Amino acid sequence: MSESSILESEELSFLNEVMFSRLPEGNQVQPSFTLDGDQEHSEMLGRLGQAASMQMVAQFKNRRLIFPLQLFQDEFNRLTMELQAPQIFETGPTMRQWRMQPQLPLRLLEACGKEAELKVHDISLSGFSVTLPEHEGPAPEKLELQLELPECGSLLPLSGAKVRRIDQQTVAYNLLFDEPDLEQALGRFLFEQHKQQHPEWEMPDVTPKSSEMAESA
């Protein structure tokens, strides 16, 4: 698809809702929309959705967002496409996962529930880095901690293996997910954080105003 492709106002409104609206706290319903088409094309899309992974790619300034798609077919053979939380990449000379630097401290908890002395420096879907306390000795080779998600207070297990030491007090770890649901939960959290940190990216409302419609009439 060319960069000059034009979206209709309904499509822009849907993307605007996905990109910038926030779901009520604890609501895990994913944005979705119904696909209109004849039976032949609906069946083809249904088979494609079962046989292959599908994605929607959106480019916003220096960010590339890759939304995993899921297709669902009801008893009337109508297709509904559901968007999962996206992977967020920074584009440039090399494309890499967006690293969220928390605006407020994020709590890391040990298995016993005690707050860890390590602090989250940044985190992405592929890894995270932590700040060590000043008196800390060698950085642990592996970490098994729980990340407390703000607002909802739920705990997200973080399992990581040491990659490198960035500086004297900052160490980078990759992320290992035992279950896909954990990766999706972190993806939703990062997507919400990205929207909060970049409100200036909201797309303008292109829906014609009543006065404009009256003039055109």
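Residues numbered from 1 in each chain as written. Predicted model: local features only at pLDDT ≥ 70, side-chain atom pairs only at ≥ 80, totals over all residues. Heavy atoms only, no water.

**Notes on the overall build of the protein chain**
Phase 1 of the analysis: Looking only at helices and strands, the protein chain has four helices and 12 strands in total.
Phase 2 of the analysis: Of all 217 residues assigned to the protein chain, the portion counted as buried reaches 35%.
Phase 3 of the analysis: Sequence separation of 24 or more characterises 54% of the internal contacts of the protein chain that already satisfy a separation of 6 or more.
Phase 4 of the analysis: Here the protein chain displays about 14,000 Å² of accessible surface, and carbon together with sulfur accounts for 51% of that area. (Helix = DSSP H or I, 4+ residues; strand = E, 2+ residues; numbered from the N terminus. Buried < 20%, exposed > 50% of the residue type's maximum accessible area, 1.4 Å probe, protein only. Contact = heavy atoms within 4.5 Å. Areas by Shrake-Rupley, 256 points an atom, 1.4 Å probe, with all protein chains shown as cover.)

**Focus on the side chain of Q84**
Phase 1 of the analysis: Within the secondary structure layout, Q84 lies in the loop between β4 (79–83) and β5 (87–90).
Phase 2 of the analysis: Side chain to side chain, Q84 and E82 meet in a polar contact 2.8 Å long. (Polar contact = N/O pair within 3.5 Å; in protein donor to acceptor, adjacent residues only side chain to side chain.)

**Let's talk about the packing of aromatic side chains**
Phase 1 of the analysis: Considering all chains together, one arrives at two aromatic pairs under this definition.
Phase 2 of the analysis: On the basis of an interplanar angle of 80° and a centroid distance of 5.9 Å, the ring pair of F67 and F191 is categorised as edge-to-face. With F67 in strand β3 (residues 63–73) and F191 in helix α3 (residues 180–197), this residue pair connects regions lying 124 residues apart in the sequence. The same class applies to F67 as to F191, namely buried.
Phase 3 of the analysis: On the numbers, 5.7 Å between centres and 20° between planes, the contact of F128 with Y173 is stacked. Residue F128 is located in strand β9 (residues 127–131), and its partner Y173 is located in strand β12 (residues 170–175); the two are separated by 45 residues in the primary sequence.
Phase 4 of the analysis: Take Y173: its relative accessible area is 2%, and that puts it in the buried class. (Phe/Tyr/Trp six-rings, centres within 6.5 Å; stacked < 30°, edge-to-face > 60°.)

**Re a negative patch on the surface**
Phase 1 of the analysis: A cluster of acidic residues, E144, D178, E179 and D181, forms a negative patch at the surface.
Phase 2 of the analysis: Tracing the chain through its elements places E144 in strand β10 (residues 142–148). (Patch = residues over 30% accessible without salt bridge, like charges linked within 9 Å, V, L, I, M, F, W, Y side chains within 5 Å. Salt bridge = Lys/Arg side-chain N within 4 Å of Asp/Glu carboxyl O. Lys, Arg positive; Asp, Glu negative; His and termini not counted. Charge placed at Lys NZ, Arg CZ, Asp CG, Glu CD.)

**Details of the pairing of β10**
Phase 1 of the analysis: What you see with β10 is a clean split: L143, L145 and L147 sit on the buried side and K142, E144, Q146 and E148 on the side with no burial.
Phase 2 of the analysis: Bridge count for strand β7 (residues 108–109) against β10 is two bridges, and the pairing is antiparallel. Pairing of L109 across the sheet is with Q146, part of β10.
Phase 3 of the analysis: Counted between consecutive antiparallel strands, the loop separating β10 from strand β11 (residues 155–165) contains six residues, among which E151 sits at a positive phi close to 75°. (Pairing = 2+ DSSP bridges.)

**A closer look at the sheet that holds strand β8 (residues 119–123)**
Phase 1 of the analysis: Strand order in the open sheet formed by six strands is β7-β10-β11-β12-β9-β8, and the pairing between neighbours is antiparallel. The open sheet has two edge strands with one neighbour each: β7 and β8.
Phase 2 of the analysis: Both β10 and β11 contribute to a ladder of seven bridges, which runs antiparallel. Residue pairing across strands places E144 opposite S159, the latter belonging to β11.
Phase 3 of the analysis: Here α3 sits on the sheet in contact with β8, β11 and β12, set at roughly 85° to β11. (Axes fitted to C-alpha atoms, helices over the stretch in contact; angles between N-to-C directions.)

**Here we look at the nonpolar core**
Phase 1 of the analysis: In terms of nonpolar packing, the biggest core is built from 38 residues, with L108, I123, V130, L147 and L186 touching the most fellow members.
Phase 2 of the analysis: Ranked by residue count, the leading element in this core is α3, at six residues. (Core = buried A, V, L, I, M, F, W, Y, C linked by side-chain atoms within 4.5 Å.)

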